[in-house]
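# Working through the structure, step by step
This is what each chain is made of:
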Amino acid sequence: MRTALVTGGGRGIGAAISKQLASDGYRILLTYCNSSKPAEMVVDEIRNSGIDAVAANCDVTDAREVALLATHPWVSEGIDVLVLNHGRYDRIDAKELELEHLRRTMATNFEGAFLVWDATKSSLTENARICVIGSQLGTRGSAHGADYSASKAALSIWARSLAQSLAPEGKRVNVIAPGFVDTDILSGDSPQKRASREEEVPLKRIGTPEDIAGVVSFLAGDKSSYITGAVIHVNGGLYLP
Ligand code: NDP
């Protein structure tokens, strides 16, 4: 049985990725940090479709919890697809940012991804695919998220370095950089703010978690077999680097 590990796979974009990869035939080991209920609901939905799934509690900033995750039997049996999706974004004006907050964001978005990779790398199968969820802000920067943008920039360049190192082994690493996606990250928007975001996007809509999950499915599959080290912008034309 092929296995996919999806960090933060219990809600938002991660939940859509978990369900998509399950429908692609992978059993799903998803992690959550605080939101056990949505994670269990995703697991139930996947199991009801006849695919095995399990949710594991893991705060990626805690090396001991990540090490425990790596002892899960499905990890030892081999990971075919690793999706580093977890992330936090607390809107803070760049000029108000404090070191403590910067460290917390880096510890989650960047170091947390590294920790999960490091703890599971010996369990990756021969042709494993790693998909890293970055952000358009990792290239653009943001007045309201200097810490977030820096963490996503670090994540992206780390992933591209890893892609170059792992390519001779047949393993592929790619980054997806979403634009606006309809999850809790945008739930604080007023109707006016939402409308202005929709207007800003050339395709005139906010992205759905499924828009991102479809690209993960492509990157996990054989049809992308010559793509590694890429950053794929999935943003409705909002930002074209
Ligand atoms: P959500 O806020 O809906 O979900 C964030 C996920 O990350 C949750 O599953 C959460 O788990 C998990 N998470 C947060 N902190 C930790 C931690 N310390 N340890 C483990 N897991 C953690 O966000 P999205 O679904 O929107 O975001 C998914 C990814 O996409 C993130 O990397 C985000 O930066 C990126 N992204 C999102 C965009 C958007 O517009 N939505 C745009 C660009 C990028 P739990 O709930 O259990 O705490």
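As shown above, the structure is provided for reference.
These notes cover the structure that comes with them. (Residues numbered from 1 in each chain as written. Predicted model: local features only at pLDDT ≥ 70, side-chain atom pairs only at ≥ 80, totals over all residues.)

Right, let's talk about the overall build of the protein chain for a bit. For the protein chain, the count of helices and strands is nine helices and seven strands. For 241 residues, the compact-globule estimate of 2.2 N^0.38 gives 18 Å, and the C-alpha radius of gyration of the protein chain, at 17 Å, lies within 12% of that figure. When the backbone C-alpha atoms are referred to their principal axes, the protein chain occupies close to 45 × 35 × 35 Å. When each of the 241 residues of the protein chain is scored for burial, the buried share is 45%. Once local pairs closer than 6 in sequence are excluded, the contacts in the protein chain between residues at least 24 apart make up 73%. (Helix = DSSP H or I, 4+ residues; strand = E, 2+ residues; numbered from the N terminus. Rg over C-alpha atoms; globule rule 2.2 N^0.38 Å. Buried ≥ 20, exposed ≤ 12 C-beta atoms within 10 Å, placed from the backbone. Contact = placed C-beta atoms within 7 Å.)

Across the interface, helix α5 (residues 99-120) lies against helix α7 (residues 146-166) with an axial gap of 9 Å and an inter-helix angle of 25 degrees. When the axis of α5 is compared with that of α7, the two are roughly parallel. By crossing handedness, the relation of α5 to α7 is classed as right-handed. Contact with α5, carried on its side by H101, L102, T105, M106, N109, F110, A113 and F114, involves D147, Y148, S151, K152, A154, L155 and W158 of α7 and no other residues of that element. When grouped by side-chain class, the residues that make up the contact of α5 with α7 number nine nonpolar, four polar and two charged. (Axes fitted to C-alpha atoms, helices over the stretch in contact; angles between N-to-C directions. Parallel < 35°, antiparallel > 145°, perpendicular 65-115°, else oblique. Left-handed = near helix turned anticlockwise from the far one by under 90°. Nonpolar A, V, L, I, M, F, W, Y, C, P; charged D, E, K, R; others polar.)

Here the focus is the sheet that holds strand β7 (residues 231-234). Within a sheet, adjacent strands bond to each other through the backbone by hydrogen bonds, running parallel or antiparallel. The parallel open sheet is built from seven strands, whose spatial order is β3-β2-β1-β4-β5-β6-β7. Each edge of the open sheet is held by one strand with a lone partner, namely β3 (53-57) and β7. Shown here is a sheet whose adjacent strand axes are inclined to one another by a mean of 20 degrees, direction ignored. In terms of strand pairing, strand β1 (residues 3-6) meets strand β4 (residues 79-84) through three bridges, oriented parallel. Residue pairing for β4: A4 is matched across the bridge by V81. Contacts from α5 reach β1, β4 and β5 (124-133), with the element oriented near 170 degrees to β4. (Pairing = 2+ DSSP bridges.)

Let us look at the packing of helix α1 (residues 12-23) against helix α9 (residues 209-220). Closest axis-to-axis distance for the α1/α9 pair is 8 Å, and the angle between their directions is 45 degrees. Overall, the two elements α1 and α9 adopt an arrangement that is oblique. The way α1 lies across α9 gives a crossing that is right-handed. Contact residues: G12, I13, A15, A16, I17, Q20 and L21 in α1; P209, E210, I212, A213, G214, V216, S217 and A220 in α9. The residue inventory of the contact of α1 with α9, partitioned by class, reads ten nonpolar, four polar and one charged.

Bringing unusual backbone geometry into the picture now. One non-glycine residue, K204, lies in the positive phi region at around 60 degrees. Take K204: it is sitting in the loop between α8 (191-200) and α9. Overall, K204 belongs to the exposed group, with 10 C-beta atoms counted inside 10 Å.

Around the ligand sit 31 residues, and of these G8, G12, S35, G87 and T183 come closest. The dominant element in the shell around the ligand, judged by the number of residues it contributes, is α1, at three residues. When the residues that make up the shell around the ligand are grouped by side-chain class, the tally is twelve nonpolar, 15 polar and four charged. (Near = placed C-beta within 6 Å.)

What follows covers the pairing of β5. Taking burial as the measure, the ten residues of β5 include seven buried ones, the bulk of the element. Looking at chain direction, β4 and β5 are connected through five bridges and run parallel. Its bridge partner lying in β5, I79 is registered against L124. With α5 bridging β4 and the parallel β5, this β-α-β connection has right-handed handedness. Of the strand pairs in this sheet, β5 and strand β6 (residues 172-178) are connected by five bridges, and their pairing is parallel. Within the sheet, the bridge partner assigned to V132 lies in β6 and is V175. (Right-handed = clockwise from strand over helix to strand, strands pointing away.)

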